[in-house]
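Breakdown of the fold
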Amino acid sequence: MSLNSKNKAILADQNSNTNSSENQPKSTTIVKYEKSSCLFCNEWFDAQTFTEHLIHCGQVLEECPNSCQAFIPRIRMRSHLKECPRNKQHSQRMSVSMDRLDQHADHRLQVLEQDVNTIRSVLNEEIRQRLHLITDVGNIRKQNQVVEEWTRDTDDHLGGLRRQLEEEGAQRAFVAEQNQIDFQYCCNITQSLKDQVELKMDDIQKHINQLSIDISFHQNQLNDNILKLEELIFENERLNRDKFFQIEEFLQQINEDIKTKLGTTNEYATSKQATLDYEVKNVKNIVCETEERCDKIETTIQDLDRALHQTLQNLSDIENQLAMQQRISSVQNTRGHLIWRIKDYSKKLDEAKQYDTILHSSMFSNKAYGYALRLDIYLNGKGTWKGRNLIACLNVLTGEYDPLLAWPCRLQAEIIIRDQSENPLETQDYVKTIFVRKKSDDFIQSNQYFHIPHKVITSRNYLRNDSLYIEVRVLK
């Protein structure tokens, strides 16, 4: 087989492979090869030098021109011709065949060029496909590396999560056991406190009953005294009227005497006028003393009325505190938050102006089992602020859990006057910050007061439907 036929066979195989690959559905992956190997010498060459190598490769098999039926590599053809047994017999034929070879050389060269171009295109396509395969393999390797790293990281994270879950489970079991112990302890304390509160409630109820009896007794005495004072005032007024009538009669008599005795001497008239002036002065003094006594009696009545009103208010506060103490003893989860609605603001302001009353909020706590707190408000002010401002303070009262708390007590709270505007976007609350300090549970607290002007309360929508909302937030 000649080189040309062999190369054609190789190209035909490659074309058949190419056609078969073309008949198959085309893959989206194209592989490019940077080098190709020679089929005869198994050497690797670049795509540019591969075609030239095929033309000049010394390992290509060619048939002996002497027709000795031997296929000799191109590099050993000369030595074979020297040793070929048909070299002398066919020397003439060689010359003829060489002429024929020269005639067909050009034709073979053209055919070879076409074949080389075909091989080059096939090899280029193969190189492109190899490059695509290499690229895909590299991407797959990278993806595999990423997947392996992700798998390792995931395994590590899963292991850490398992350990955390185990620790969390153990911690939750411990916390649940501790909570159960604490709950049992709280139940015991609550039961004991409930018993104590019931005893104290009985004592307070007895005290309230005694106070009610005392108040009734004092009120009856006050009513009797008021009746006696009214009778005394009426009697004094009657006596004063009688004296006034006597004085008028006496003055009329004097006037008549003066008219009848106009002719008497000037000395008698002067002495009579002096006597008359003296008696008038005495009457005026008696009238002034009577007015002073009436003023004193009226002041005493007002003081008694104010004391009675304050006593009634103290009784109402005690009842409210008792009810709130019952609620606090039953509700342990307090958060230091209070919203207080003051209804009938105008009426209570008038009472504060007349009787100097104090409004007390319901009791609350800064936390569960914490300090007992209460907000006190002077609607008409106090001291130098009286008549123009609302004065308030936050008191720390004696509570059930004071022996268990830290002393001195230091708290910070916000007092908020809520804006009752219908549009939530237009609300603008009035906020005041206050600090509360108390040395110990049995130490008298030095209150820190804060003031809010009356004109601020009546502005915006703080006061609506004659109600005022005051919010207390304990910060720490």
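What counts and what doesn't
Residues numbered from 1 in each chain as written. Predicted model: local features only at pLDDT ≥ 70, side-chain atom pairs only at ≥ 80, totals over all residues. Heavy atoms only, no water. Helix = DSSP H or I, 4+ residues; strand = E, 2+ residues; numbered from the N terminus. Buried < 20%, exposed > 50% of the residue type's maximum accessible area, 1.4 Å probe, protein only. Contact = heavy atoms within 4.5 Å. Areas by Shrake-Rupley, 256 points an atom, 1.4 Å probe, with all protein chains shown as cover. Patch = residues over 30% accessible without salt bridge, like charges linked within 9 Å, V, L, I, M, F, W, Y side chains within 5 Å. Salt bridge = Lys/Arg side-chain N within 4 Å of Asp/Glu carboxyl O. Lys, Arg positive; Asp, Glu negative; His and termini not counted. Charge placed at Lys NZ, Arg CZ, Asp CG, Glu CD. Arc of directions from axis to C-beta. Core = buried A, V, L, I, M, F, W, Y, C linked by side-chain atoms within 4.5 Å. Polar contact = N/O pair within 3.5 Å; in protein donor to acceptor, adjacent residues only side chain to side chain. Pairing = 2+ DSSP bridges. Phe/Tyr/Trp six-rings, centres within 6.5 Å; stacked < 30°, edge-to-face > 60°. pLDDT = per-residue confidence, 0-100.

1. Quick word on the overall build of the protein
Scanning the protein from N- to C-terminus turns up seven helices and 14 strands. Relative to its full complement of 476 residues, the protein shows a buried share of 27%. For the protein, long-range pairs separated by at least 24 residues make up 66% of all intrachain contacts whose partners lie at least 6 apart in sequence. Just so you have it, the protein exposes about 33,200 Å², and 51% of that area is on carbon and sulfur atoms.

2. Concerning a negative patch on the surface
A cluster of acidic side chains, namely Glu148, Glu149, Asp153, Asp155 and Asp156, defines a negative patch on the protein surface. Inspection of the secondary structure assignment puts Asp155 in helix 4 (residues 91–260). Its relative accessible area of 46% is what places Asp155 among the partly exposed residues.

3. Here's the deal with helix 6 (residues 345–355)
Inspection of helix 6 places Tyr345, Leu349, Ala352 and Tyr355 among the buried residues, and these make up the whole buried set. For helix 6, the angular spread of buried residues about the axis comes to 155 degrees, placing them on one side. Directly after helix 6, the chain includes Asp356, whose backbone phi takes a positive value near 55 degrees.

4. Let's talk about the nonpolar core
With 34 residues, the main nonpolar core has Leu373, Leu375, Ile377, Leu379, Leu468 and Ile470 as its most contacted residues. Of all the elements, strand 10 (residues 409–417) adds the most residues to this core, at five residues. Look past the residues within four positions of Ile470 in its chain and what remains in contact with it is Leu338, Ile339, Trp340, Ile342, Leu375, Ile377, Ile415, Ile416 and Ile417. Formed by eight residues, the second largest nonpolar core is a distinct cluster that contains Leu54, Cys57, Ile119 and Leu123.

5. A look at the pattern of salt bridges
It is possible for side chains of opposite charge to pair when their charged atoms get near one another. Taken as a whole and assessed by the stated rule, the structure comprises 10 salt bridges. We note a salt bridge from Asp356 to Lys386, for which the minimum N-O separation is 3.0 Å. Taken together, the positions of Asp356 in the loop between helix 6 and strand 6 (359–360) and Lys386 in the loop between strand 8 (372–378) and strand 9 (389–397) put the pair 30 residues apart, joining distant regions of the chain. Residue class for Lys386 comes out partly exposed when judged on its relative accessible area of 40%.

6. Examining the side chain of Glu471
Secondary-structure assignment places Glu471 in strand 14 (residues 467–474). Taking relative accessible area as the criterion, Glu471 reaches 3% and is therefore assigned buried. A distance of 2.5 Å separates the side chain of Glu471 from the side chain of His337, its partner in a polar contact. A polar atom in the side chain of Glu471 sits 2.8 Å from the side chain of Arg418. Those residues within four positions of Glu471 in sequence are excluded, and the remaining contacts are His337, Leu338, Ile339, Glu414, Ile415, Ile416 and Arg418.

7. Comments concerning the pairing of strand 5 (residues 337–342)
A one-sided burial pattern is seen for strand 5, the buried positions being Leu338, Trp340 and Ile342 and the unburied ones His337, Ile339 and Arg341. Bridge analysis of strand 5 against strand 14 gives six bridges, and the strand direction is antiparallel. Residue pairing in the sheet places Trp340 in a bridge with Ile470 of strand 14.

8. Structural notes on the environment of Phe50
With respect to the element layout, Phe50 can be found in helix 2 (residues 47–56). Look at Phe50 and you get buried, because its relative accessible area is 5%. Once the C-alpha coordinates of Phe50 and Ile119 are considered, the two residues, 69 residues apart in sequence, prove to be 9.5 Å apart. With sequence-adjacent residues up to four places away left out, Phe50 is seen in contact with Ser36, Ser37, Cys38, Phe45, Ile119 and Leu123.

9. Brief notes about unusual backbone geometry
For the bond running from Trp407 to Pro408, omega is 5 degrees, close enough to zero to count as cis. Take Pro408: it is sitting in the loop between strand 9 and strand 10. With a phi close to 50 degrees, Arg460 is a non-glycine residue in the positive phi region. Of note in this structure, Asp466 is not a glycine but carries a positive phi near 60 degrees. On the basis of relative accessibility, which here comes to 28%, the residue Asp466 falls in the partly exposed class.

10. Considerations on the packing of aromatic side chains
In the structure shown here, the tally under the stated rule is three aromatic pairs. Relative to Trp407, the ring of Tyr371 lies with its centre 5.2 Å away and its plane at 80 degrees, an arrangement referred to as edge-to-face. Residue Tyr371 is found in the loop between strand 7 (364–365) and strand 8, and its partner Trp407 is found in the loop between strand 9 and strand 10; the two are separated by 36 residues along the sequence. Note on Tyr371: relative accessible area 7%, which makes it buried. Looking at Trp407, the relative accessible area reads 23%, which means it is partly exposed.

11. Side note on the confidence of the model for the protein
Detailed reading of predicted coordinates is not advised where the pLDDT is low. Overall, the prediction assigns the protein a mean pLDDT of 77, with 82% of residues at 70 or greater. By mean pLDDT, helix 1 (residues 3–23) is the weakest element of the protein at 45, and strand 14 is the strongest at 94. Confidence drops under a pLDDT of 50 for residues 1–33, and excluding neighbours within four residues, the segment shows 60 contacts in the predicted structure.

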